[in-house]
Every structure is written in structure tokens, then in C-alpha cells.
Amino acid sequence: MNAPTSLPVSMPIPGHVDPVPVPRPVTPREDGRTDLIGLPRPQIAALFQEAGLDAKAAKLRAKQVFHWLYHRGVTTFEAMTDIAKTMRPWLAERFVIGRPQVVEAQVSTDGTRKWLLRTADGHDFEMVFIPDADRGTLCVSSQVGCTLNCRFCHTGTMKLVRNLTPGEIVGQVMLARDALGEWPKGSMAGLDLTDEVEEDADEGSYTADGRLLTNIVMMGMGEPLYNFDNVRDALKLVMDGDGLALSKRRITLSTAGVVPMMARAGEEIGVNLAVSLHAVTKDVRDEIVPINRKFGLEELLQACADYPGASNARRITFEYVMLKDRNDSDDDARELVRLLKQYKLPAKVNLIPFNPWPGAPYECSTPERVKRFAEIVFEAGISAPVRTPRGRDIDAACGQLKTAAERRSRAELDRLAAEKQAALG
Ligand code: SF4
């Protein structure tokens, strides 16, 4: 799906030293139509006006269309039954309602679902849904590939292709609702769509409400704070009370530690914060999470302490992947506690057993080591649950499905080449 070409799509490429902003335009749609998914309501109204409607009609149509798109989840203009029949083809000639294309969908024996998705210009990325007893969490990607090269992460071995657009980010949430059958059904009678449009809709009041998809984590492929504007714009649509209406308390943004953007994330998006910490000494973190060479541990923890809205009721999650003999000693656990206390952080630590992929440079810590590490943190009064690995039978760790699909397609190409060779011979 494509954002209008007027949207600024630029990104910093950090390397390990200095980020450099490099523009990466999205390929425009060949049919010249504009995808409405990812656009805020005033921009939809402006496009309708540009296309010939008068200001009042454009505003009303934008409100109706926005509701159909984000609250009802329709994927055709024909389904927008309160819009005049003659108007629907007019819209369809000029606009589209995009979803990322599903290349592959898998369901694990533990209920985890994973999708390999494709953008309209042919780039693959991933999305994972993890159901638990009391919640269902969608892990959303922000970039195709990643620049940060975290050594334990499979996505970090892939080159960054481009930032995902707001439409491609919010489109993942919409696609998950499609797949889980979670759009509201029934008639629109009684809904007042004729009054003045609220430009700043309230924060969502969405509750679990018996639905499967209750939470979102920006923790899929990519570093969300290196695609700040698009992630912010997409999450605003997810939180919009007239649309997907998911509360900011149910959304978590995970960063590897892009310190200069953290305060803005708190102020402009206001969702929960998670930090990929993974190590407590400079040497080890420099190796595991190389952005540490640019923004060190002290700066990162200070930015966490300053994060707007963090409190004991809204703690910051510190992700810690357990790597055998690398970051899993008793001393590491004690240093972690010391640092969290020194910066007075309202913290929760997620201990993640490492899920190795072929050629990975690390092994997972032993279960006894993970248990001991968790005990030390927990005994210091900090919650430290050990995350159960999910969806291992479907390569659910970040980046693995994309690689598996590429491996398969390479194998297919080899087979075709061999068949061709045999036919020629
Ligand atoms: S952990 Fe996140 S930031 Fe680090 S390489 Fe993987 S996708 Fe990028």
C-alpha cells in the first residue's frame, strides 16, 4: 500500500557511529490512486476536496469514510452503505483501501499466529499474534529490515530496505482484525455521522471486551524510533476513539535505545515504553546492541528515568535476552538491580530465553541459570518474569519467517534450474 508521494519518508541510517538522514521514497502506485489507510481524517477531507467536493461535503464524507475504514474495517467503498450509490464508484476511481498482502500465514500449536506480509512495492515483513489467557498481543513491524544489527536478532542480519508507511503499520492491526474476525457487525443506524467533525478525537476507550486482540507491541522488525513520524501517525490512528480505539495503556513501543527520540515518544505518542537492554556493562552491550556505542547505558537509563508518564502504575519494561556465558551471571543480575535502583526506575524485567537460528553467534542460557538470574532480580523487589518461548514450531522469532520463505524460494529456484537443465540435456 502506498502513502501519497507528498508524505515525507526519510530516515536516519545510524551505522554504528552517526545517524545520517537519507530519503527513501515509497514507490508510487502504478494506477495513480491514493491509499486512504494511514491518513488522518483532515487529510482525507483535503483529498476529497482536491478531487472536487466542496469543503462541507468533503468533511462529512471524510468522517463517514473514516468510520467505515477504522471502526468497521470494510475493504471496499461498495460496502459503505450510508454513502450514496453514485458516490461509491467516484471514490473507487480515485482511492483504494489497502491492506498489506499476505504472503504466508501460519498458526503454531500453541495458538501463536505469524504472517509474512508484502508491501504494494514488493517488500516482505512480518507480524505475529500471541494469544494468552487474559490478553492477545499483536507484535507489529515498523521497518522492512533494520539498521541496528543487534547480534542476537535475526532481523538485524537483514539490510534495511525502507521504513514502513503509517498505512503499512496501521494496516497490520487492521489485517489482524480481519484475520481474527473482530470488526463490529450490525447496522449503523443510530450513529450520528452528520455533526461537526472533532479534529482531535479522544484517546481510545477500548477494553478487552471479549476480543482476542487486546494489546499491541511495536516490537516486530525494525527500530520504531528510527521511523518516528510514521510510527507516531500510525499509532494515533490506532488510538483514535472513532477508529480502532485502542487505549495507549495497551500499546507498548520498544526501542533498542534511540535516546534523543525517547522524550518525544513519551510526549507525542504517550504509549508504554520497553527498552531492549540485554546487557549491563559497556563491553557486552556494545557487542550485543551496537547502538550502545552511540548512546551509552547511562544516557539510556537517564532517558528512561525522564520518560514522560512512567510511574509505578505504568512501569518501563526492560527486555533481557538470556545468552549463555555472555550476560547471564549472578554479577550481571546484581548489576542490573543496582542500575535500575540507581536511576529509580519504575521497572519490570522480561527475561527472554534466546531462540537461536541457524548460524546464530550465541546459545541460550541453561534453565537453571535463567531461574537463578530471575531470583536475584525478583528478590531485590523487581518483577522479572521469564517469558515462555512461543511459536517455535513456526519460526515465530523476529525475522525468521522471512528468511525461511527466502530459503524456500531459493530452493525452488534451484529446483526449477535443475529441471530446466534436465529438459535441455
Ligand atoms: S532487536 Fe530490533 S533494533 Fe535490534 S536489530 Fe533486531 S529489529 Fe533491529
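In what follows, the structure referred to is the one given above.
To start, this report covers the structure provided alongside it. If you're wondering where the values come from, they're calculated on a predicted model, not measured in any experiment.

Here we come to the overall build of the protein. Regarding its fold elements, the protein presents 11 helices and 15 strands. Put simply, the protein has 425 residues, and 53% of those count as buried. Sequence-distant contacts in the protein: of pairs separated by 6 or more residues, those separated by 24 or more amount to 70%. Accessible surface computed for the protein: about 19000 Å², of which carbon and sulfur atoms make up 52%.

In this structure, D325 is a non-glycine residue whose phi angle is positive, near 60°. Along the polypeptide, D325 turns up in the loop between β14 (316-322) and α9 (330-342). Here the phi dihedral of K344 falls at roughly 50°; this positive angle occurs in a residue that is not glycine. Here K344 lies in the loop between α9 and β15 (347-353). Under the relative-accessibility criterion, K344 is labelled exposed at 73%.

Moving on: the pattern of salt bridges. Tallied over the full model, the rule gives 25 salt bridges. With its nearest N and O atoms 3.0 Å apart, the salt bridge here joins R33 to D31. The exposure class of R33 is partly exposed, given its relative accessible area of 28%. Connected through salt bridges with shared partners, the residues D229, R232, D233, R264 and E268 form a single ionic network.

Following the criterion strictly, the structure yields two cavities of 30 Å³ or more and no others. When its volume is computed, the largest cavity comes out at roughly 40 Å³. As for the largest cavity, its lining consists of V173, R177, L213, I216, V238, L244 and L246. Across the lining of the largest cavity, the residue classes tally to six nonpolar, no polar and one charged.

What follows deals with the site of the ligand. Every residue lining the ligand is accounted for by C146, L148, N149, C150, C153, T155, G156 and G222. Considered class by class, the residues forming the shell around the ligand number four nonpolar, four polar and no charged.

Mapped onto the elements of the fold, T112 is located in the loop between β5 (101-107) and β6 (113-118). Judged by relative accessible area, which is 0%, T112 ranks as buried. Only 2.7 Å separates the side chain of T112 from the side chain of D110, close enough to count as a polar contact.

Judged by nonpolar contacts, the single largest core of 115 residues is most densely connected at L36, F48, F152 and F318. Structurally, this core is a two-domain feature, drawing no fewer than three residues from each of domain 1 (31-98) and domain 2 (99-185 + 208-423). Setting aside residues no more than four positions away along its own chain, L36 makes contact with I44, L47, F48, V65, L69, Y70, F77, F95 and V96.

Helix α5 (residues 228-239) packs onto helix α4 (residues 166-180) with a crossing angle of 40° between their chain directions and a minimal axis gap of 8 Å. By the angle class used here, α4 and α5 are oblique. The two elements α4 and α5 cross, and the hand of that crossing is right-handed. Seen from α4, the contacting residues are P166, I169, V170 and V173; seen from α5, they are N230, V231, D233, A234, L237 and V238. When the residues that make up the contact of α4 with α5 are grouped by side-chain class, the tally is eight nonpolar, one polar and one charged.

Once that is clear, we can look at α4. Its 15 residues give α4 an end-to-end C-alpha distance of 21 Å, which sits within 8% of 21 Å, the value for a rise of 1.5 Å per residue. Of all the bends in α4, the greatest measures close to 25° and is centred on Q172. Counting buried positions along α4 yields 13 of 15 residues, so the element is predominantly enclosed. Downstream of α4 by a residue or two, G181 has a phi angle that is positive, lying close to 65°.

Here the focus is the pairing of β5. Relative to β6, β5 runs antiparallel, the two sharing six bridges. Bridge pairing links E104 to L116 in β6. Hairpin remark: β5 followed by β6, antiparallel, with five residues in the connecting loop; positive phi at G111, about 95°.

Rules used throughout
- Residues numbered from 1 in each chain as written.
- Predicted model: local features only at pLDDT ≥ 70, side-chain atom pairs only at ≥ 80, totals over all residues.
- Heavy atoms only, no water.
- Helix = DSSP H or I, 4+ residues; strand = E, 2+ residues; numbered from the N terminus.
- Buried < 20%, exposed > 50% of the residue type's maximum accessible area, 1.4 Å probe, protein only.
- Contact = heavy atoms within 4.5 Å.
- Areas by Shrake-Rupley, 256 points an atom, 1.4 Å probe, with all protein chains shown as cover.
- Salt bridge = Lys/Arg side-chain N within 4 Å of Asp/Glu carboxyl O.
- 1 Å grid on protein atoms, 1.4 Å probe; cavity = no way out; pocket = protein on both sides within 12 Å on 5 of 7 lines; lining within 4 Å.
- Points joined across faces, edges and corners; volume = space filled by probe spheres on them.
- Nonpolar A, V, L, I, M, F, W, Y, C, P; charged D, E, K, R; others polar.
- Near = heavy atom within 4 Å.
- Polar contact = N/O pair within 3.5 Å; in protein donor to acceptor, adjacent residues only side chain to side chain.
- Core = buried A, V, L, I, M, F, W, Y, C linked by side-chain atoms within 4.5 Å.
- Domains from an automatic or database assignment.
- Axes fitted to C-alpha atoms, helices over the stretch in contact; angles between N-to-C directions.
- Parallel < 35°, antiparallel > 145°, perpendicular 65-115°, else oblique.
- Left-handed = near helix turned anticlockwise from the far one by under 90°.
- Expected span 1.5 Å × (residues − 1).
- Bend = angle between axes of the 7 residues up to and from the residue.
- Pairing = 2+ DSSP bridges.

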